[in-house]
Amino acid sequence: MSRRTNVLACFATSTLLSFLIAAPAAAAAGATGAADWDYVALGDSYSSGVGASGQSGLCLRSSNAYPGLWRTANSPRSYRSNACSGATTASLRSGQLTGLNAETDLVTLTIGGNDIGFADTVITCTLAGDSGCASAVAGALVKVRDQLPAKLNATYADIRGKATNAHVVVLGYPILFDETVANCGAGGMSLAKRKSLNKGAAELNRVIAARSQAAGFTWSSVEDQFAGHGICGTNAWLHGLTVLPPTDSFHPNNAGYRYGYLPALNAALG
């Protein structure tokens, strides 16, 4: 074996070992009785699978999103994903409740980020300075506090009205950015910008948690699962600013759905 070949082989081996060490195993699958369940997935891009491989259709659904991964691991009696990229509480209520009924056993969803203009806020933070970013986040948080609770209440009531007997799991959003590094190349995100956006995500999660629990649903945060895997970290489970495709920007990658969202759902189901 030539010296160059030997170096490449060592590099490939060390890279594989590093990945195996860094990536935790997904939480054990196999929910009790899942083979008899009817499962419907609702929600926005974090449930449809934007950022994962294999996205297709106008809603950018992927079998590598957490609903598809859970389905593969548990083989429920029936499975349907109505989740769609760009969904708001209004579009979920008007277009995603098809398939919910008294026989539905499990419903999962992420929703709320688009209602407060999350994408616009991140774009503003990418283009503006630190103060402009902080102002954009503050504006989004006004919507979180003043408008979102009522929208979530109505959404959860509609879901319960259709899926009268289902176990409903509402999942949160990751804290996007690593704050331990000084420089972050994802769209020129300074430490101040990252802190502003992370603070906004945490507040959004707190409101969703409160309203989902008040509705009698199961709340499942993903903040702990994604801790240490933020954008610009050494082992990120989220895309930074991407060009091809741009829609992947600031969404989980395959590892994020498998090692972040899937274990959070499994934990919620006990």
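Right above here is the structure, for reference.
Presented here is a report on the structure given in the accompanying data block. (Residues numbered from 1 in each chain as written. Predicted model: local features only at pLDDT ≥ 70, side-chain atom pairs only at ≥ 80, totals over all residues. Heavy atoms only, no water.)

1. Things to note about the pattern of salt bridges
Thought 1: Throughout the structure, instances matching the rule amount to five salt bridges.
Thought 2: Notably, a salt bridge pairs Arg77 with Asp38, separated by 3.0 Å at the nearest N-O pair. With a gap of 39 residues between them, Arg77 in the loop between helix H3 (66-74) and strand S2 (78-81) and Asp38 in strand S1 (residues 38-41) connect regions that are remote in the sequence.
Thought 3: Residue Arg77 is classed as exposed on the basis of its relative accessible area of 51%.
Thought 4: Of the residues examined, Asp38 reaches a relative accessible area of 15% and is grouped as buried.
Thought 5: Across the pair Arg93 and Asp158 runs a salt bridge, and its minimum N-O distance is 2.7 Å. With Arg93 in helix H4 (residues 89-95) and Asp158 in helix H7 (residues 148-162), the pair connects residues that are 65 residues apart, well separated along the chain. (Salt bridge = Lys/Arg side-chain N within 4 Å of Asp/Glu carboxyl O. Helix = DSSP H or I, 4+ residues; strand = E, 2+ residues; numbered from the N terminus. Buried < 20%, exposed > 50% of the residue type's maximum accessible area, 1.4 Å probe, protein only.)

2. Brief notes about the pairing of S1
Thought 1: Burial along S1 is two-sided: Asp38 and Val40 and Tyr39 and Ala41, pointing in opposite directions, are all buried.
Thought 2: Where S1 meets S2, four bridges bridge the pair, whose relative direction is parallel. When the bridges of S2 are listed, Ala41 appears paired with Ser81. (Pairing = 2+ DSSP bridges.)

3. Focus: the sheet that holds strand S3 (residues 106-109)
In a beta sheet, neighbouring strands are held together by backbone hydrogen bonds and run either parallel or antiparallel to one another.
Thought 1: If you trace the five strands from one edge of the open sheet to the other, you get S2-S1-S3-S4-S5, paired in parallel fashion. At either margin of the open sheet sits one strand with a lone partner, and together these are S2 and strand S5 (218-220). Neighbour-to-neighbour, the strand axes of this sheet turn through a mean angle of 15°, independent of strand direction.
Thought 2: In terms of strand pairing, S1 meets S3 through three bridges, oriented parallel. Residue pairing across strands places Val40 opposite Val107, the latter belonging to S3.
Thought 3: Relative to the sheet, H3 contacts S1, S2, S3 and strand S4 (167-171), its axis offset from that of S1 by approximately 165°.
Thought 4: Along the sheet, helix H8 (residues 191-214) contacts S4 and S5; its crossing angle with S5, the most-contacted strand, is approximately 160°. (Axes fitted to C-alpha atoms, helices over the stretch in contact; angles between N-to-C directions. Contact = heavy atoms within 4.5 Å.)

4. Side note on the environment of Ile175
Thought 1: Checked against the element boundaries, Ile175 lands in the loop between S4 and H8.
Thought 2: For Ile175, a relative accessible area of 22% corresponds to the partly exposed category.
Thought 3: Between the alpha carbons of Ile175 and His229 there is a distance of 9.2 Å; along the sequence they are 54 residues apart.
Thought 4: Setting aside chain neighbours within four positions, we find Ile175 in contact with Asn198, Ala201, Ala202, Asn205, Glu223 and Leu238.

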